[in-house]
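Structure at a glance
Residues per chain are reported as follows:
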Amino acid sequence: MPTLRSVGKEQVHRAFLEAFADYAMDANGTTEDRLLLRMRKNAVNYDLSPGLYDGDRLVGFTLIGIDSWGERLSAYDAGTGIVPAFRNQGWARRMFEHALPSLHERGVERFVLEVLQQNEPAIKAYKKSGFEVARELKCYARQTSELRALDVPPAVEIGPITRTDLAKLEPSIDWLPSFENRFSAVDAIPDAVRLAGAFVGGTCVGATAYAPPLNWLLTLVVDREYRRRGVGTALIARLAGTLPESVTRLSALNVDGTDAGTRAFFESLGFSHLADQYEMVRDL
């Protein structure tokens, strides 16, 4: 099980499509460029990511991202996939264990992953490897054509902002964003992220960070003093209005399941339930 350091990225992409062809969340439309951009967003280190080979053919992999998350250096399972013929043989656990010594050497303090709640075999396997459920993550989606028609308060104006403007709003977050949606993800792919701010009386009181190539809403944050005034609604409506007609759906992924306010916000805008995940963590 060498790492993916010297493997052509087209081979990683081919193995990814084969491994996730029957996954509950359809991955068939994932192009090579989109996969590589998402891996860059997730700070994947190919030198630390093990691959499983049958001869020269890549048949399994664990893509591991390394970044500070929640003020601790963390490893993230950005994707573990095994092609059907090699499943149920313990390879996922063995790839994880293969990566541990290198993670220890790098000073990584914990390993985090996300898994669909319906994927009971994977959850059972992760628990056997020492992972514990840290929290539930909710995922939502709504058609962009419907979001464009939302009523927006006239007092709220939407305009471009800088990364510095977004940083000023970070303390308004009520819970730790998932690794996928961490604020440093914006810095990892700055050329692929569009920032927008909501202004009231000339003051930026809310923001979104959206990655068009991934159709990924990384951040929606509103200053606590300006909530329930239509700021979040204005941001979502304007974002939907900037999307091309080919983007028919906007998703809000990995909402903390304990945050009743954020869940109620998306539901009030007509977002429907898409999936539920567990965030699982193992201290290293």
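Residues numbered from 1 in each chain as written. Predicted model: local features only at pLDDT ≥ 70, side-chain atom pairs only at ≥ 80, totals over all residues. Heavy atoms only, no water.

Sheet strands associate in pairs through backbone hydrogen bonding, adopting either a parallel or an antiparallel arrangement. Spatially, the four strands line up as an open sheet ordered E6-E7-E8-E9, and their pairing is antiparallel. Single-partner strands in this sheet number two, and they are strand E6 (157-160) and strand E9 (216-222). Averaged over all neighbouring strand pairs, the angle between strand axes comes to 25°, with direction disregarded. As judged from the six bridges shared by strand E8 (residues 203-211) and E9, these two strands associate in the antiparallel manner. (Pairing = 2+ DSSP bridges. Helix = DSSP H or I, 4+ residues; strand = E, 2+ residues; numbered from the N terminus. Axes fitted to C-alpha atoms, helices over the stretch in contact; angles between N-to-C directions.)

A few words on the side chain of Asn181. Mapped onto the elements of the fold, Asn181 is located in the loop between helix H6 (163-169) and helix H7 (184-188). For Asn181, the contacting residues outside a window of four places in its chain are Trp216, Leu217, Leu218, Thr219, Leu253 and Asn254. (Contact = heavy atoms within 4.5 Å.)

By size, the foremost hydrophobic cluster in this structure holds 21 residues, and its most contacted members are Leu4, Met39, Phe61 and Leu63. Broken down by secondary-structure element, the contributors of at least two residues to this core are helix H1 (9-19), helix H2 (32-41), strand E2 (57-69) and strand E3 (72-82). In this view, Leu63 contacts Leu4, Val12, Met39, Val44, Tyr46, Ser49, Tyr76, Asp77, Ala78 and Gly79; residues no more than four positions away in its chain are not counted. (Core = buried A, V, L, I, M, F, W, Y, C linked by side-chain atoms within 4.5 Å. Buried < 20%, exposed > 50% of the residue type's maximum accessible area, 1.4 Å probe, protein only.)

Quick look at the packing of aromatic side chains now. By the definition in use, this model includes twelve aromatic pairs. Where Tyr140 meets Phe266, the ring centres are 6.1 Å apart and the plane angle is 15°; that geometry is what we call stacked. In this pair, Tyr140 is assigned in strand E5 (residues 132-143) and Phe266 in helix H9 (residues 260-268), connecting sequence segments 126 residues apart. Under the relative-accessibility criterion, Phe266 is labelled buried at 3%. (Phe/Tyr/Trp six-rings, centres within 6.5 Å; stacked < 30°, edge-to-face > 60°.)

Here we come to unusual backbone geometry. In this model, Ala43 sits at a positive phi of 55°, which is unusual for a non-glycine residue. Along the chain, Ala43 turns up in the loop between H2 and strand E1 (51-54). Phi angles above zero are rare outside glycine, and Arg228 is one such case at about 60°. If you trace the backbone, Arg228 turns up in the loop between E9 and helix H8 (231-242).

Considering only alpha carbons, one finds Phe266 and Tyr126, 140 residues apart in sequence, at a separation of 30 Å. Ignoring anything within four residues of it in the chain, the contact list for Phe266 reads Tyr140, Leu220, Ile236, Ala252, Val255 and Phe271.

A separate point is helix H4 (residues 120-128). What sets the pattern is the α-helix's 3.6 residues per turn: residues three or four places apart point alike. Buried within H4 we find Ala122, Ile123 and Tyr126. Seen along its axis, H4 keeps its buried residues to an arc of 100°; they face one direction. Seen from the buried face of H4, the exposed residues on the opposite side, beyond 90 degrees, are Glu120, Pro121, Lys124 and Lys128. Taken together, the buried residues of H4 touch E3, strand E4 (110-116) and strand E11 (272-283). (Arc of directions from axis to C-beta.)

What follows is about the sheet that holds E3. In space, the seven strands of this open sheet follow the order E1-E2-E3-E4-E11-E5-E10, with mixed pairing throughout. Both edges of this open sheet fall to E1 and strand E10 (249-256), since each of them pairs with a single strand only. Averaged over all pairs of adjacent strands, the angle between strand axes in this sheet comes to 25°, irrespective of strand direction. Summarising the sheet, E2 and E3 pair through ten bridges and their orientation is antiparallel. When the sheet's bridge partners are listed, Asp67 is paired in E3 with Ser74. Helix-sheet contacts for H1 involve E2 and E3, and the interaxial angle to E2 is about 100°.

Turning to the pattern of salt bridges, a few remarks are in order. Taken as a whole, this structure holds 18 salt bridges when the rule is applied. The salt bridge partner of Arg87 is Asp22, with a shortest N-O separation of 2.8 Å. Highlighted residues: Arg87 in the loop between E3 and helix H3 (91-105) and Asp22 in the loop between H1 and H2, separated in sequence by 65 residues. Classification of Asp22 as exposed rests on a relative accessible area of 52%. (Salt bridge = Lys/Arg side-chain N within 4 Å of Asp/Glu carboxyl O.)

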